[in-house]
Amino acid sequence: MKVSNALWRDQVLNAMPPELAHEIDIFETELLLRKQGKLDEKLFAETRLRRGAYGQRYDNGQRWDGKETQQLAYPSGELTKGPNTLWDAPGMLRIKIPYGGLNARQLEVVAELAEEYSDGIAHVTTRQDFQLHFIHIDDTPTIMRRLAAVDITTREACGNSVRNVTACPYSGVCHTEAFDVTPYAQALMRFLLGHPDVQDFGRKFKIAFSGCRETGCGLVNMHDLGAIAVTRTENGGERRGFEVYVGGGLGSVPYQAKLLDAFVPVEELLPLTQAIARVFARLGEKKNRNRARIKFLVAQLGMDEFKRLVLAERAQLPPDPRWTAFLDDVSVLDEKPLRPVAALNGAPAPDGFEYWLTTNVYPQKQAGYVTVTVTLPLGDLTPPQLRGLADIARRFTYETVRATVEQNLVLRWISEADLPHLYGALYALGLHQAGAGTIADVTACPGTDTCKLGIASSRGLAGELTRQLAAQVETLDPAVRNLRLKVSGCFNSCGQHHVADLGFYGVSRHAGNYTVPHFQVMLGGQWTNNAGSYGLPIGAVPAKRIPEVVTRITNRYIQDRQPDESFQTFIQRIGKAEIKQLLDDLTPIPPHDLDPTLYTDWRDAREFTLGDRGEGECAGEIVSRIDFDLAAAEREVFEAQVLLDKGEIQAAGERAYAAMLQAAYALVKEQFYAAPNQPDQIIGEFRTRFYNTKLFWDDYAGGKFGHYLFHAHEHAREPYTVDTTRRRIEEAQLVVEAAHSCYRRLLKLKNA
Amino acid sequence: MDLQHLNVKVFVASPGPIDLEPFIGIFNNWIQRHLTDDLLIDVADYRHTVNGPGVVLIGHAANYSLDQTDGRLGLLYSHKAALMGSIADRLCETMRATLLACRRLEHENGLKFSGSEVQLTFNDRLLAPNTPKTLEALRPTLQEPLERLYGQAAYTLNRISGDPRERLTLSVKSVTPITVTTLLQNLAAERMPA
Ligand code: SF4
């Protein structure tokens with residue numbers, strides 16, 4: 001743990017938005033409670049996941065070293081940060097970047113954090129997030145504070161929550177968009193962050209925005225909720241809205257999202273999403289995580305019934321000014337150029353520039369300006385590169401940078417005349433790689449490098465494919481040059497292999513006494529048209545032979561394609577059986593003695609094993625809302641004690657009372673979801689529902705704990721002394737305990 | 001100044017380009033054989049990044065990396081856990097761990113390191129901001145451990161970058177050539193009881 005952690009809080013206090021600062025303080029307290037054994041490990045696991053702090057491979061304290069499974073004796077011993085997850089084991093922190101939008105200072109802070117807390121790498125994910133790996137959990141509150149100081153949050157980046165809201169990286173500069181979706185993506189993200197209606201999901205919930213239907217870089221069809229910008233002419237004027245889709249998702253069984261509504265006016269976007277969230281929270285599966293995504297609910301109910309429920313929910317939502325407040329100024333995020341319009345003047349350009357121009361530069365709809373893709377190998381960046389990019393963003397633009405779902409960054413609003421200088425600046429950073437969006441720009445999830453669920457090394461394979469293809473991409477037949485390759489370490493599809501022309505996901509096969517890393521080959525997925533269709537598997541091939549698979553299939557495509565025939569059509573025409581035949585001789589596994597290389601994975605010296613796979617945290621623990629609310633009440637009691645120790649008597653007494661009220665409110669909400677949150681009303685509801693019915697009564701103490709609450713409420717505004725505060729804290733602890741017991745009784749009654 | 005999280009880099013002296021792939025196996029072998037005092041966890045491969053961390057052996061208290069920052073290959077030892085003792089002891093301990101790892105790599109792989117230049121990074125911006133003032137404040141503290149390291153040899157001590165966004169990184173260069181083995185001997189000699 002960093003020695004300076006304690007100092008950072010004061011250092012950045014004034015720069016943090018107060019609500020984020022408060023959130024992080026709460027998380028730090030929860031961390032402390034867990035260390036003291038006062039917070040259940042499952043609850044803490046979901047708590048940290050909802051703050052973006054994820055587990056990482058080997059955090060169960062075991063690692064196969066190629067000969068045997070070694071126990072990793074972390075100094076923290078038995079202390080855990082979740083089931084089977086050791087405290088000291090390095091973890092991952094996911095940093096949410098809504099719609100991928102970043103400024104220069106944010107890039108610099110990510111650089112600082114990568115070098116001070118991680119292993120010197122910042123990683124861009126397939127959902128426009130950043131991830132830092134090999135982080136110690138004790139450092140996470142400080143990292144969160146430093147991020148909050150530049151307006152970045154990790155909140156709800158993992159766990160059963162609304163994940164990062166993604167959008168086309170070309171929003172606002174794209175030729176085919178109906179309108180710029182950026183302000184809508186931002187408004188929805190802000191509205192849902194921490195919203196009570198999105199805290200009780202059985203699984204994660206992913207949202208994407210796209211500016212158009214056909215090109216569709218937003219990949220709407222593979223999201224739980226997707227919005228495509230559309231316009232209508234009404235009363236002679238243009239009206240903005242969204243085609244809203246629900247129930248898409250990849251994972252082991254991919255679903256295409258279904259159209260919920262062909263035109264949702266922009267002012268209806270937030271309330272409709274809120275209504276969808278409520279229906280999902282109420283009716284979505286909670287026990288079986290494998291069927292808990294909204295796609296299963298939509299499939300089970302059918303779209304008509306799902307829509308009926310959503311509209312009924314929408315009809316009874318209490319109005320919220322935030323639904324439309326952002327519409328007063330949707331131009332607030334409008335970007336502008338820093339540099340004047342000027343055309344490329346034909347001056348001599350550096351080597352490599354011309355080809356880079358053809359693959360990495362996209363002419364914007366604003367004449368004279370282009371968006372430049374910075375190709376990141378495997379989505380990775382070093383701190384000096386991040387700082388260098390920050391300099392570039394300041395030098396050439398008003399810091400208009402976005403992360404993409406293809407694990408690259410784009411620089412928007414580059415004046416064409418600046419391109420040679422920009423190329424030179426990128427060259428100096430080693431970020432001038434051409435081939436963005438081509439077959440050499442391979443996407444990969446973390447796989448066995450860091451993911452607990454990884455089966456095979458997706459990054460290892462992607463790295464090797466990139467190495468081989470980058471060397472030849474310039475001379476490749478144009479038909480294959482723009483194919484997309486994507487690799488996942490397992491069937492969970494974080495590498496988005498379903499929407500690749502050639503996709504791969506990690507599997508394994510037995511050979512003698514060995515296990516051999518393989519990849520399942522998927523063909524014919526479609527990235528455009530908002531992830532228009534998903535590829536189909538044709539068979540598993542040993543990992544080390546996948547480059548040969550790519551060579552054979554692409555050669556066959558070049559050789560046998562009909563004029564203008566797309567890869568998808570080609571695959572459909574010649575059929576899976578024939579393609580499979582093409583690969584048949586690649587599938588037999590020679591004995592270990594003959595060729596041991598097949599028995600190791602890419603970029604890994606160890607003999608392959610599946611033994612390192614752990615329990616995934618993708619789904620998080622299923623923890624209900626009341627569990628969180630009661631944990632929050634307990635934390636309030638703890639904080640009251642801390643305040644008392646500091647001599648802040650009045651604040652301590654008030655905090656203890658707040659803890660009691662919080663516990664009572666948690667119970668009330670269990671029966672009456674929309675219960676008002678004013679103290680008198682909470683107490684009234686509590687008295688009617690739990691005290692008078694004796695549901696809250698203890699077998700031995702009877703209604704005593706209820707009396708504590710009523711008494712504290714009656715005297716809430718009176719001055720506290722040390723004695724009354726101490727007593728109030730003890731009573732608060734008992735009330736919270738009694739609320740836990742009461743909840744257990746409620747569950748029993750429910751299950752009886 | 002409570003100096004912690006010290007990083008030390010010693011540069012490779014072998015001529016020509018060096019293939020880092022074998023180091024994945026070498027570092028994994030260190031894990032298998034528990035070759036350091038610290039808990040070793042995993043190997044991370046970042047060879048695909050330009051001037052990046054190369055191949056990294058991840059440990060609990062420290063990482064070892066065949067690092068290529070600024071296009072200069074070297075062994076970077078990054079201490080992550082808090083260190084005990086005087087600042088001089090902490091620096092000597094960190095340098096000793098780095099040099100031992102260098103010597104091990106020299107034996108196992110034939111890679112050659114130079115002892116003539118050592119880079120010291122203070123991996124904590126708040127405690128040690130990259131300013132001339134910090135260097136001046138540190139100079140007297142660094143004198144003792146650097147004299148232990150370089151023995152009688154004269155050396156220079158400079159910041160390598162004036163960019164305040166970067167971490168404070170100091171380049172220590174001996175005026176005459178010196179080997180890793182000599183540096184280790186110098187450190188050990190000082191540890192002998194009088
Ligand atoms: S696809 Fe599998 S291996 Fe890759 S990150 Fe997702 S769960 Fe992990």
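Residues numbered from 1 in each chain as written. Chains lettered and ligands numbered in written order. Predicted model: local features only at pLDDT ≥ 70, side-chain atom pairs only at ≥ 80, totals over all residues. Heavy atoms only, no water.

Caption draft 1: Broad picture of the overall build of chain A. Each helix and strand in chain A was counted, giving 24 helices and 24 strands. Relative to its length of 752 residues, chain A is compact, with a C-alpha radius of gyration of 27 Å against a globular reference of 27 Å. Here the C-alpha coordinates of chain A stretch approximately 85 × 75 × 55 Å along the principal axes. In chain A, buried positions account for 62% of the 752 residues. (Helix = DSSP H or I, 4+ residues; strand = E, 2+ residues; numbered from the N terminus. Rg over C-alpha atoms; globule rule 2.2 N^0.38 Å. Buried < 20%, exposed > 50% of the residue type's maximum accessible area, 1.4 Å probe, protein only.)

Caption draft 2: Representation of the domain arrangement of chain A in the model. All names here are of chain A. Looking at chain A, the domain boundaries give domain 1 (5–148), domain 2 (173–331), domain 3 (353–429), domain 4 (444–619) and domain 5 (623–752). Put simply, the middle of domain 1 and the middle of domain 3, counted by C-alpha atoms, are 29 Å apart. The partner domain 3 presents 21 residues to the 23 residues of domain 1 that form the contact. For the pair domain 1 and domain 3, the two sides together bury roughly 1,900 Å², of which 60% comes from carbon and sulfur. Interface area lost by domain 1 to domain 3 is led by A104, L107 and V124, which between them contribute 27%. Residue E108 pairs with R394 through a salt bridge whose shortest N-O separation is 2.6 Å. Taken together, the links from domain 1 to domain 3 amount to 11 residue pairs in polar contact (both at pLDDT 80 or more). Elements represented by at least two residues in the side of domain 1 that touches domain 3 include exactly strand 7 (101–102), helix 4 (104–117) and strand 8 (122–124). With eight residues, helix 4 is the largest single contributor of residues to the side of domain 1 that touches domain 3. (Domains from an automatic or database assignment. Contact = heavy atoms within 4.5 Å. Buried area = accessible area lost by both parts, 1.4 Å probe. Salt bridge = Lys/Arg side-chain N within 4 Å of Asp/Glu carboxyl O. Polar contact = N/O pair within 3.5 Å; in protein donor to acceptor, adjacent residues only side chain to side chain.)

Caption draft 3: Expanded view of the packing of helix 4 of chain A against helix 5 (residues 140–148) of chain A. All names here are of chain A. Where helix 4 contacts helix 5, the two axes come as close as 10 Å, and the packing angle between them is 165°. One finds that helix 4 runs roughly antiparallel with respect to helix 5. Between helix 4 and helix 5 lies a crossing of right-handed hand. On helix 5, the residues that touch V109, E112, L113, E116 and Y117 of helix 4 are T142, I143, R146 and L147. (Axes fitted to C-alpha atoms, helices over the stretch in contact; angles between N-to-C directions. Parallel < 35°, antiparallel > 145°, perpendicular 65-115°, else oblique. Left-handed = near helix turned anticlockwise from the far one by under 90°.)

Caption draft 4: Highlighting the interface of chain B and chain A. Counting residues at the interface gives 36 residues for chain B, matched by 45 residues for chain A. Around 3,400 Å² of area is buried between chain B and chain A when both sides are counted, 56% of it from carbon and sulfur atoms. Per-residue buried area on chain B facing chain A is highest for B:R125, B:L126 and B:R165; these three make up 19% of the total on that side. Joining chain B to chain A, the criterion identifies eight salt bridges. Of the charged contacts, one joins A:R603 and B:D45 as a salt bridge, the two residues approaching to 3.2 Å between their closest N and O atoms. Run the count over chain B and chain A and you get 19 residue pairs in polar contact (both at pLDDT 80 or more). Mapped onto the side of chain B that touches chain A, the elements with two or more residues apiece are helix 1 (22–32) and strand 2 (40–46) of chain B. When residues in the side of chain B that touches chain A are grouped by element, the largest group, seven residues, is from strand 2 of chain B. When its residues are assigned to classes, the side of chain B that touches chain A shows 14 nonpolar, 13 polar and nine charged. (Nonpolar A, V, L, I, M, F, W, Y, C, P; charged D, E, K, R; others polar.)

Caption draft 5: Region of interest: the nonpolar core. Membership of the largest hydrophobic core comes to 108 residues, with the highest contact counts inside it found for A:F130, A:W356, A:L409, A:L422 and A:F504. In terms of residue count, helix 4 of chain A provides more of this core than any other element does, eight residues in total. Contacts of A:W356, omitting those with residues within four sequence positions, involve A:V361, A:V372, A:T373, A:L419, A:L422, A:Y423, A:L426, A:H432, A:Q433 and A:A434. Core analysis: the next-biggest nonpolar cluster, separate from the first, contains 55 residues, B:L83, B:L99, B:L135 and B:L142 among them. (Core = buried A, V, L, I, M, F, W, Y, C linked by side-chain atoms within 4.5 Å.)

Caption draft 6: Inspection of empty space enclosed by the protein at higher detail. If you walk through the whole model with that rule in mind, you get nine cavities of 30 Å³ or more. Computed from the structure, the largest cavity encloses a volume of approximately 330 Å³. Every residue lining the largest cavity is counted, 28 residues in all, and those nearest its centre are A:D449, B:D42, B:V43, B:A44 and B:D45. Breaking the lining of the largest cavity down by element, the ones donating at least two residues are strand 9 (130–135) of chain A together with helix 1 and strand 2 of chain B. (1 Å grid on protein atoms, 1.4 Å probe; cavity = no way out; pocket = protein on both sides within 12 Å on 5 of 7 lines; lining within 4 Å. Points joined across faces, edges and corners; volume = space filled by probe spheres on them.)

Caption draft 7: Fine view of the packing of helix 12 (residues 383–396) of chain A against helix 13 (residues 419–429) of chain A. Residue and element names in this part refer to chain A. Two elements in contact, helix 12 and helix 13, have axes separated by 10 Å at closest approach and are oriented at 165°. Taken as axis vectors, helix 12 and helix 13 run roughly antiparallel relative to one another. Like other packed secondary-structure pairs, helix 12 and helix 13 cross with a definite hand, here right-handed. Listed contacts from helix 13 to P384, Q385, G388, L389, I392, R395 and F396 of helix 12 are H421, L422, A425, L426 and L429. Of the residues in the contact of helix 12 with helix 13, the class split is eight nonpolar, three polar and one charged.

Caption draft 8: Examining the state of the cysteines more closely. Residues and elements named next belong to chain B. A full pass over the atoms with the stated rule returns zero disulfides over all chains. A disulfide-free cysteine, C102 has its sulfur positioned 16 Å from the sulfur of C92, the nearest such atom. Classification of C102 by relative accessible area gives buried; the value is 0%. (Disulfide = S-S within 2.5 Å.)

Caption draft 9: How the structure looks around the side chain of A:R203. Residue and element names in this part refer to chain A. Tracing the sequence through the fold places R203 in the loop between helix 6 (182–192) and strand 11 (205–210). For the buried residue R203, which engages in no salt bridge, the nearest side chain bearing the opposite charge is D224, 8.6 Å off. There is a polar contact of 3.2 Å between the side chain of R203 and the backbone oxygen of R289. (Lys, Arg positive; Asp, Glu negative; His and termini not counted.)

Caption draft 10: Structural context of the sheet that holds strand 2 of chain B. Residues and elements named next belong to chain B. Strand order in the open sheet formed by eight strands is 2-3-4-5-1-6-8-7, with antiparallel pairing between adjacent strands. One side of each edge strand has no neighbouring strand; the edge strands of this open sheet are strand 2 and strand 7 (155–159). Pairwise comparison of adjacent strand axes, ignoring direction, gives a mean angle of 20° for this sheet. Pairing between strand 7 and strand 8 (residues 168–174): five bridges, direction antiparallel. Across the sheet, residue R159 finds its bridge partner in strand 8, namely L170. (Pairing = 2+ DSSP bridges.)

Caption draft 11: Spotlight on unusual backbone geometry. Residues and elements named next belong to chain A. A positive phi angle is found at L219, which is not glycine, with a value near 55°. Here L219 shows up in the loop between strand 11 and strand 12 (225–234). The backbone of N235 sits at a positive phi, close to 50°, despite the residue not being glycine. The topology assignment puts N235 in the loop between strand 12 and strand 13 (237–246).

Caption draft 12: Summary view of the pairing of strand 10 (residues 162–167) of chain A. Burial within strand 10 of chain A is extensive, with six of its six residues counted as buried. The parallel pair strand 10 of chain A and strand 11 of chain A, bridged by helix 6 of chain A, forms a crossover whose chirality is left-handed. (Right-handed = clockwise from strand over helix to strand, strands pointing away.)

Caption draft 13: Summary view of the pattern of salt bridges. According to the stated counting rule, one finds 67 salt bridges over all chains in the structure shown. With a closest N to O distance of 2.7 Å, A:E116 and B:R125 form a salt bridge. Here B:R125 lies in the loop between strand 6 (113–122) and helix 3 (132–150) and A:E116 lies in helix 4, a pairing that spans two chains. By the burial criterion, A:E116 is buried, and B:R125 matches it.

Caption draft 14: Main features of helix 12 of chain A. Helix length check: helix 12 of chain A (14 residues) gives 20 Å between terminal C-alpha atoms against 20 Å at 1.5 Å per residue, within 8%. Listed in full, the buried residues belonging to helix 12 of chain A are A:P383, A:Q385, A:L386, A:R387, A:G388, A:L389, A:A390, A:I392, A:A393 and A:F396. (Expected span 1.5 Å × (residues − 1).)

Caption draft 15: Quick peek at the packing of aromatic side chains. All names here are of chain A. Within the structure shown, the criterion is met by 31 aromatic pairs over all chains. Relative to F326, the ring of Y184 lies with its centre 5.9 Å away and its plane at 85°, an arrangement referred to as edge-to-face. With a gap of 142 residues between them, Y184 in helix 6 and F326 in the loop between helix 10 (322–325) and helix 11 (353–360) connect regions that are remote in the sequence. Geometry around W697 places K694 over its ring, the cationic atom sitting 4.7 Å from the centre. (Phe/Tyr/Trp six-rings, centres within 6.5 Å; stacked < 30°, edge-to-face > 60°. Lys NZ or Arg CZ within 6 Å of the ring centre and 35° of its normal.)

Caption draft 16: Inspection of the sheet that holds strand 18 (residues 401–403) of chain A at higher detail. Residues and elements named next belong to chain A. Strand order in the open sheet made by the five strands is 7-18-19-16-15, with antiparallel pairing throughout. Pairing within the sheet leaves two strands with one partner each, and these edge strands are strand 7 and strand 15 (361–363). Of the strand pairs in this sheet, strand 16 (residues 369–374) and strand 19 (residues 409–415) are connected by five bridges, and their pairing is antiparallel. By the bridge assignment, Y369 is partnered in strand 19 with S415. Against the sheet, helix 12 engages strand 16, strand 18 and strand 19, with an angle of about 25° to strand 19.

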